[in-house]
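Secondary and tertiary structure notes
Take a look at the letters that make up each chain.
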Amino acid sequence: MSNPSHIIFDHAVARLRMARARRQGVEPFLLERVAEDLSDRVDAALRPFPSVLDLGTPGPHVAERLSRRAGLTTLVRAHAGVSAADDVPWRELIADEEIVPFAPASFDLVTSALALHTINDLPGVLAQIRRVLRPDGLFMACMMGGRTLQELREVFAQAEAEIEGGASPRVAPFADLRDMGGLLQRAGFALPVTDVDPIIVRY
């Protein structure tokens with residue numbers, strides 16, 4: 001668990017906002033894009049992953065794609081949101097975002113889409129993910145990073161400076177690409193690879 005003095009993200013508030021968004025109608029274009037990319041990258045590994053964990057992904061999009069893989073025997077979707085329908089071909093587990101509640105060496109593949117950038121203790125969660133992976137297992141994730149929402153940051157800062165005479169952080173901090181590589185190494189991953197896929201969304 002995170003030290004209370006280092007808590008940036010209030011997960012209880014985040015869950016309330018996510019529930020409100022679902023009631024109003026979520027637009028999942030980004031999750032669908034990420035799920036497709038993660039699935040393509042897993043397919044490129046050219047090896048079976050019988051036991052798979054999808055961790056924290058705020059929708060079933062990744063699990064739906066992974067459930068179609070040949071040779072799959074176990075697929076668990078662990079998240080803090082609302083469970084999917086009862087007839088899905090995977091196991092659902094409602095779990096705390098900061099805890100990976102599985103025995104060591106339980107999975108051949110762990111995926112996570114658009115969830116890790118809201119973790120208070122990211123090094124700790126990465127270490128837990130490494131622990132539940134089997135030897136030669138694969139971890140693949142996508143998270144917001146670097147200059148994400150940079151334009152929004154700048155507009156907020158400019159507006160607040162003009163109105164209030166100063167600026168405060170109104171967009172969550174995101175990990176830099178180089179920082180993520182270091183965090184993965186620190187967590188014990190043998191061959192960490194990080195890259196950036198810029199996606200421009202216009203409103």
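So, a few notes on the structure that sits alongside this text. (Residues numbered from 1 in each chain as written. Predicted model: local features only at pLDDT ≥ 70, side-chain atom pairs only at ≥ 80, totals over all residues. Heavy atoms only, no water.)

The strand order across the open sheet built from five strands is 3-2-1-4-5, with neighbouring strands paired in parallel fashion. The open sheet has two edge strands, strand 3 (91-94) and strand 5 (133-142), and neither has a second partner. Strand-to-strand twist across the sheet, computed as the mean angle between neighbouring axes with direction ignored, equals 20 degrees. Bridge count for strand 1 (residues 51-55) against strand 4 (residues 107-113) is three bridges, and the pairing is parallel. Paired with Asp-54 across the bridge in strand 4 is Thr-111. Lying on the sheet, helix 4 (residues 122-132) is in contact with strand 1, strand 4 and strand 5; it crosses strand 5 at an angle near 140 degrees. (Pairing = 2+ DSSP bridges. Helix = DSSP H or I, 4+ residues; strand = E, 2+ residues; numbered from the N terminus. Axes fitted to C-alpha atoms, helices over the stretch in contact; angles between N-to-C directions. Contact = heavy atoms within 4.5 Å.)

Scanning the entire structure with this criterion turns up eight salt bridges. Here Arg-69 and Asp-43 are joined by a salt bridge, their closest N and O atoms 2.7 Å apart. Taken together, the residues span a long stretch of sequence, with Arg-69 in the loop between helix 3 (61-66) and strand 2 (74-79) and Asp-43 in helix 2 (residues 29-43) at a distance of 26 residues. Among the charged side chains, a salt-bridge network with shared partners connects Asp-37, Arg-41 and Asp-195. (Salt bridge = Lys/Arg side-chain N within 4 Å of Asp/Glu carboxyl O.)

Judged by side-chain polarity, Phe-29, Ile-199, Val-201 and Tyr-203 come together as a nonpolar surface patch covering roughly 450 Å² of accessible area. Checked against the element boundaries, Val-201 lands in the segment after helix 6 (177-186). A residue is classified by how much of its surface remains accessible, and Val-201, at 37% relative accessible area, is partly exposed. (Patch = residues over 30% accessible without salt bridge, like charges linked within 9 Å, V, L, I, M, F, W, Y side chains within 5 Å. Areas by Shrake-Rupley, 256 points an atom, 1.4 Å probe, with all protein chains shown as cover. Buried < 20%, exposed > 50% of the residue type's maximum accessible area, 1.4 Å probe, protein only.)

By the bridge criterion, six bridges tie strand 4 to strand 5 in an arrangement that is parallel. Across the sheet, the residue bridging to Ala-113 is Cys-142, located in strand 5. The handedness of the strand 4 to strand 5 crossover, carried by helix 4, is right-handed. (Right-handed = clockwise from strand over helix to strand, strands pointing away.)

Orientation of helix 4 relative to helix 6, taken along the N-to-C sense of each, is 50 degrees, at an axis distance of 9 Å. Taken as axis vectors, helix 4 and helix 6 run oblique relative to one another. Of the two elements, helix 4 crosses helix 6, and the hand of that crossing is right-handed. Across the interface between the two elements, Leu-122, Pro-123 and Leu-126 from helix 4 touch Met-180, Leu-183, Leu-184 and Arg-186 from helix 6. Of the residues in the contact of helix 4 with helix 6, the class split is six nonpolar, no polar and one charged. (Parallel < 35°, antiparallel > 145°, perpendicular 65-115°, else oblique. Left-handed = near helix turned anticlockwise from the far one by under 90°. Nonpolar A, V, L, I, M, F, W, Y, C, P; charged D, E, K, R; others polar.)

Under the criterion given, the structure shown has two aromatic pairs. Ring geometry for Phe-102 versus Phe-107: centroids 5.1 Å apart, planes at 85 degrees, classification edge-to-face. Taken individually, Phe-102 and Phe-107 each receive the classification buried, so the pair is uniform in this respect. (Phe/Tyr/Trp six-rings, centres within 6.5 Å; stacked < 30°, edge-to-face > 60°.)

Our next topic: the side chain of His-117. Take His-117: it is sitting in the loop between strand 4 and helix 4. Within polar-contact distance, the side chain of His-117 engages the backbone nitrogen of Met-144 at 3.3 Å. Sequence-distant contacts of His-117, defined by excluding residues within four places in its chain, comprise Phe-9, Met-143, Met-144 and Phe-174. (Polar contact = N/O pair within 3.5 Å; in protein donor to acceptor, adjacent residues only side chain to side chain.)

Here we come to the nonpolar core. By size, the foremost hydrophobic cluster in this structure holds 22 residues, and its most contacted members are Leu-53, Val-100, Phe-102, Val-110, Leu-126, Ile-129 and Phe-139. Of all the elements, helix 4 adds the most residues to this core, at five residues. Apart from the residues lying within four places of it in its own chain, the contact partners of Leu-126 are Leu-116, Phe-139, Met-180, Leu-183, Leu-184, Ala-187 and Phe-189. (Core = buried A, V, L, I, M, F, W, Y, C linked by side-chain atoms within 4.5 Å.)

Taking 1.5 Å of rise per residue, 14 residues should cover 20 Å, and helix 1 (residues 11-24) covers 20 Å from first to last C-alpha, within 8% of that figure. Among the residues trailing helix 1, Gly-25 stands out with phi positive, at a value near 105 degrees. (Expected span 1.5 Å × (residues − 1).)

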